[in-house]
Amino acid sequence: MTVRGLRRALTADALGLMLVFLALLTFTLGVSASLRDGGENQSLLPAALIAAMICFGLARSRWNGIQASVGMAALGVLVVWVLGARLVQPLLEFGRTVLSLVPQIIPAIRGQTVMDAAAAAESWAVIVQACAALAVRLQTWLAGLGGNAFVNDALVSNMVWTLMLWLFAAGMGWFTARRDAVASLLPSILLLASVTAASGRQPEMLWLMVCILLVLMGIWNFKNHTAHWEKQGVDYAESIRYDVGAAVVMLAVLVGTLAFVTPSISWREIQERLRSGENNAAEMLGIEEQPIPAGAAAPQPGLPRVHLLDGSSAHSQQVVMTIRTGELPPIPDLSFVPAPARYYWRSTTYDSYMGAGWATGPAFHETYAGNTPLLSALPGGYRLVHLDVEMTEPGGVLFWSGMLFRVDVPITANWRVRPVSDLAADPSTFFAADLYAAASSASAYKTDVYVPAVSVGELRAASTDYPDEVSRRYLALPSTVPARVRELALEITTGFATPYDKAKAIEGYLRAHYEYDLEVPAPPEGADVADYFLFDLQKGYCDYYATAMVVLARASGLPARFVSGYAPGSYDAQNAQYIVREADAHSWAEVYFSRIGWIEFEPTAALPEIERPADAAPLPVQTAGEAPFQFLSISRLQAHWLLPFIGAFFLVFICFTYTWVERWWYLHRLDPATAIERMYRRLYRLGRPLAGTATPAETAYEFMSKAVRRLDELKAHSHVAGTCTNVQRDMTTLTSLYQASQYSRRHAQKDHARTALKTWQRLRWRLVLLRSAAIALREGLNAGKTAEPASRRSAI
């Protein structure tokens, strides 16, 4: 590109747009860095860019500030709600079912058939239930925001941030079109300053925003001045733009640098005061403070059950807790008891194998109010289970099965990896969430959990494409693991192609070759636990089995982790509850499967293997009482009643969209004369039945006169006289505009096209109505003329 071409390309407007884009990117990254999910909030930047571009276009249209603000706010709420409730696929499915009803409308009106709207009603019921569930979460979050309880709902906080960035970016785009640097960037700078003060993360983003603001002020002010000079005919040297540009950039960098390094105000002291107090709003909005470096987050590694083996705890029949799931009713007659579902009651998951035992990596503590969802969504393949847990003595630790969704009491969750709250994230990424443990002082609580409902076929079909976080954390083994352990892992899994078959081979090998025994010593100091169990002891209890399976699985390339809790216990059919005793304390292994999640394996020989269906089976249909928000579920009959309302909403939406597109096309894409001509041609086609048969060389005014005479006749024979008068007036207006645009010496202006468009939009629906009335009147008159001679003949 030549110097002249580069100079033409780098105009003030082009430089301003590039700087605004850089500011928008900086603003979004600065806010994202302060949130819990950090860079995982992938929906923020696209939302901000789209909002800025839409509002930039609106600023160059006829919309005023109030219209644009209301429109962008409504559109932002709609987009965020659809993404938060994950309604994209349900809405597409609902639209497909509604379109499938179109061929049934005419036969149903004629009474030939009855419309089958069951599929549309079911699709609508899914949308309503998803919206209701999200509304409950939002209500809970708002209640916590106004009170003293923490409600750390990652989905809601991400929705709030997405909407906030949408609105701030919309304002940035609006004022960018008007070259107002302060109004464009200052609100975003103030918000970023507040977020940075609360989190203490990446203050350089704020400094960069200030520098961009200073440069934009200089560029746009100079552009406005030169435009004014050119309008007034003031002559100025071309070199002034380069001089001013260099001065603006140097001044912006100088002021920004001084502001960044000069300790004129103790910002750190102010920041510490803001961060030292309780900040419920920042906590609930997902703003994460910069972690303070600390030492090891885990205690000395060891086996979790060692302390249970030095006394009678391993054989104790003391009841720890009872758990009800509600899946089976109480059965007074014990002659026939159906087999209950088998659950493991987890409390702690360990990720770090240290050779001498297990430890956990750094965990983030978060407090949740009762009934706060911990996960924003889950993909298919999981079923909901309700647990009603009663502890004999409060132990401070929660027990559950599968993936913890919510608990009805306040809890503290210790996350190694927090759940993804990005609205646009793939649902399978939620499996990367890693909960070390959850604590509560309650002696009784109710919880909703999700347990996998997958078949052996689905597990065999899982790929080996694991998320980076899972591979990094759950394939790691210390270098001190002896080579013979790794060699044994390869020997066991050789010949097996899928991760599931390899895991089953390891599980089966441990169950077949090692004896279950509680009377074994703790591993010697400095010994590798897995190696000691596999080659020296060759017998042991659940901790040894689970440790050996996890180590062998990782050595075979399978992500695995060690889980501690309780075995299923005994099932009391008369009271429909699981009874868990101290003797049921247990540890087991879990293996990660891509897009499925963590699956339990039982390597301990003293307990039966876990049975799974060979083929995929459909999940049981949840009734209203089984749904997570059962009081908000609707029946099919209610969905039928709601169907007309949603249909009307979509009809209004389509009409509004068509009107807006039509207005934009006529007023911005076509020149005024062409736009008026096309509107008149539509008038001609729609009004031809009123004017009758066309005559040779018929002019526009002759056509209008024929239509007006027919409308005069229609006034005398119907109740639409007022409509006829309005149509006559509008037809006269549009015909006059057409004649003037085609034959006048003066060129048509946009105001003329705008008047024609408003007239045509009023006129077309009235013409449709009057055409129907004219046809009915003509048929009635013809019927009367035919009946009159017949009556005369009968009288003669």
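Residues numbered from 1 in each chain as written. Predicted model: local features only at pLDDT ≥ 70, side-chain atom pairs only at ≥ 80, totals over all residues. Heavy atoms only, no water.

A. Quick look at the sheet that holds strand 7 (residues 403-407). Pairing within the open sheet is antiparallel, and its six strands lie in the order 7-10-6-1-15-14. Each end of this open sheet is capped by a strand with a single partner; those strands are strand 7 and strand 14 (570-572). Sheet twist, expressed as the mean angle between neighbouring strand axes with direction ignored, is 30°. Two strands pair when backbone bridges link them, and strand 14 and strand 15 (residues 577-581) are joined in this way by three bridges, in the antiparallel orientation. Note on strand 15: the bridge partner recorded for Asp-572 is Gln-577. (Pairing = 2+ DSSP bridges. Helix = DSSP H or I, 4+ residues; strand = E, 2+ residues; numbered from the N terminus. Axes fitted to C-alpha atoms, helices over the stretch in contact; angles between N-to-C directions.)

B. Quick peek at the packing of helix 17 (residues 499-513) against helix 19 (residues 542-555). Closest axis-to-axis distance for the helix 17/helix 19 pair is 10 Å, and the angle between their directions is 145°. Crossing handedness for the pair helix 17 and helix 19: right-handed. Along the contact surface, helix 17 presents Ala-503, Ile-506, Glu-507 and Leu-510, while helix 19 presents Tyr-545, Ala-548, Met-549, Leu-552 and Ala-553. Of the residues assigned to the contact of helix 17 with helix 19, the class counts are eight nonpolar, no polar and one charged. (Left-handed = near helix turned anticlockwise from the far one by under 90°. Contact = heavy atoms within 4.5 Å. Nonpolar A, V, L, I, M, F, W, Y, C, P; charged D, E, K, R; others polar.)

C. Looking closely at the confidence of the model for the protein. This prediction gives the protein a mean pLDDT of 77; 72% of its residues lie at or above 70. Below a pLDDT of 50 lies the segment residues 307-311, which in the model reaches six contacts outside its immediate sequence neighbourhood of four places, other chains included. The low-confidence segment residues 790-796, where pLDDT is below 50, has zero contacts with residues more than four positions distant or belonging to other chains. (pLDDT = per-residue confidence, 0-100.)

D. Quick peek at the pairing of strand 6 (residues 382-391). Strand direction decides the pairing type here: strand 1 (residues 319-324) and strand 6, joined by four bridges, are antiparallel. Its bridge partner being in strand 6, Arg-324 is matched across the sheet by Asp-388.

E. Geometry of the pattern of salt bridges. Going through the model one piece at a time under the given rule, you end up with 25 salt bridges. Measuring nitrogen to oxygen at the nearest pair gives 3.7 Å for the salt bridge that ties Glu-390 to Arg-324. You can see Glu-390 sitting in strand 6 and its partner Arg-324 sitting in strand 1, a full 66 residues away along the chain. Taking the shortest distance from any N to any O, the salt bridge between Arg-473 and Glu-469 comes out at 2.8 Å. One end of the pair is Arg-473 and the other is Glu-469, both in helix 15 (residues 468-474) and four residues apart, which spans about a single turn. (Salt bridge = Lys/Arg side-chain N within 4 Å of Asp/Glu carboxyl O.)

F. Looking closely at the sheet that holds strand 8 (residues 411-417). Read across the sheet, three strands follow the order 5-8-9 without closing on themselves; strand pairing throughout is antiparallel. Two strands close off the open sheet at either side, each with one partner strand: strand 5 (364-368) and strand 9 (434-439). Averaged over all neighbouring strand pairs, the angle between strand axes comes to 25°, with direction disregarded. Note: strand 5 against strand 8, five bridges, orientation antiparallel. The residue of strand 8 that forms the bridge with Thr-367 is Thr-412.

G. Just the side chain of Thr-325, in detail. Mapped onto the secondary structure, Thr-325 falls in the loop between strand 1 and strand 2 (345-350). Judged by relative accessible area, which is 14%, Thr-325 ranks as buried. Residue contacts for Thr-325: discarding those within four places in its chain leaves Tyr-343, Val-385, His-386, Leu-387 and Tyr-578. (Buried < 20%, exposed > 50% of the residue type's maximum accessible area, 1.4 Å probe, protein only.)

H. The arrangement of the side chain of Thr-604 in detail. Structurally, the position occupied by Thr-604 is in the loop between strand 17 (597-601) and helix 20 (636-669). The class of Thr-604 is buried, set by a relative accessible area of 1%. Not counting residues within four places of it along the chain, the set of residues in contact with Thr-604 comprises Arg-511, Tyr-516, Cys-542, Tyr-545, His-586 and Ser-587.

I. Seen up close, the nonpolar core. Met-321, Trp-345 and Leu-510 are the most contacted members of the largest nonpolar core, which has 93 residues in total. Those residues in contact with Leu-510, other than ones at most four positions away along the chain, are Phe-533, Leu-534, Tyr-545, Ala-548, Met-549, Leu-552 and Pro-603. (Core = buried A, V, L, I, M, F, W, Y, C linked by side-chain atoms within 4.5 Å.)

J. Geometry of unusual backbone geometry. One non-glycine residue with positive phi stands out, namely Arg-86, at about 55°. The topology assignment puts Arg-86 in the loop between helix 4 (65-84) and helix 5 (88-100). Residues other than glycine seldom take positive phi values, yet Ala-576 does so here, at roughly 50°. By secondary structure assignment, the location of Ala-576 is in the loop between strand 14 and strand 15.

K. The arrangement of the packing of helix 18 (residues 529-537) against helix 19 in detail. The contact between helix 18 and helix 19 brings their axes to 8 Å, and the two run at 110°. Taken together, the axes of helix 18 and helix 19 are roughly perpendicular relative to one another. Note on element contacts: helix 19 touches helix 18 through Tyr-544, Tyr-545, Thr-547, Ala-548, Val-551 and Leu-552, opposite Val-529, Ala-530, Tyr-532, Phe-533, Leu-534 and Leu-537. Partitioning the contact of helix 18 with helix 19 into residue classes produces 11 nonpolar, one polar and no charged. (Parallel < 35°, antiparallel > 145°, perpendicular 65-115°, else oblique.)

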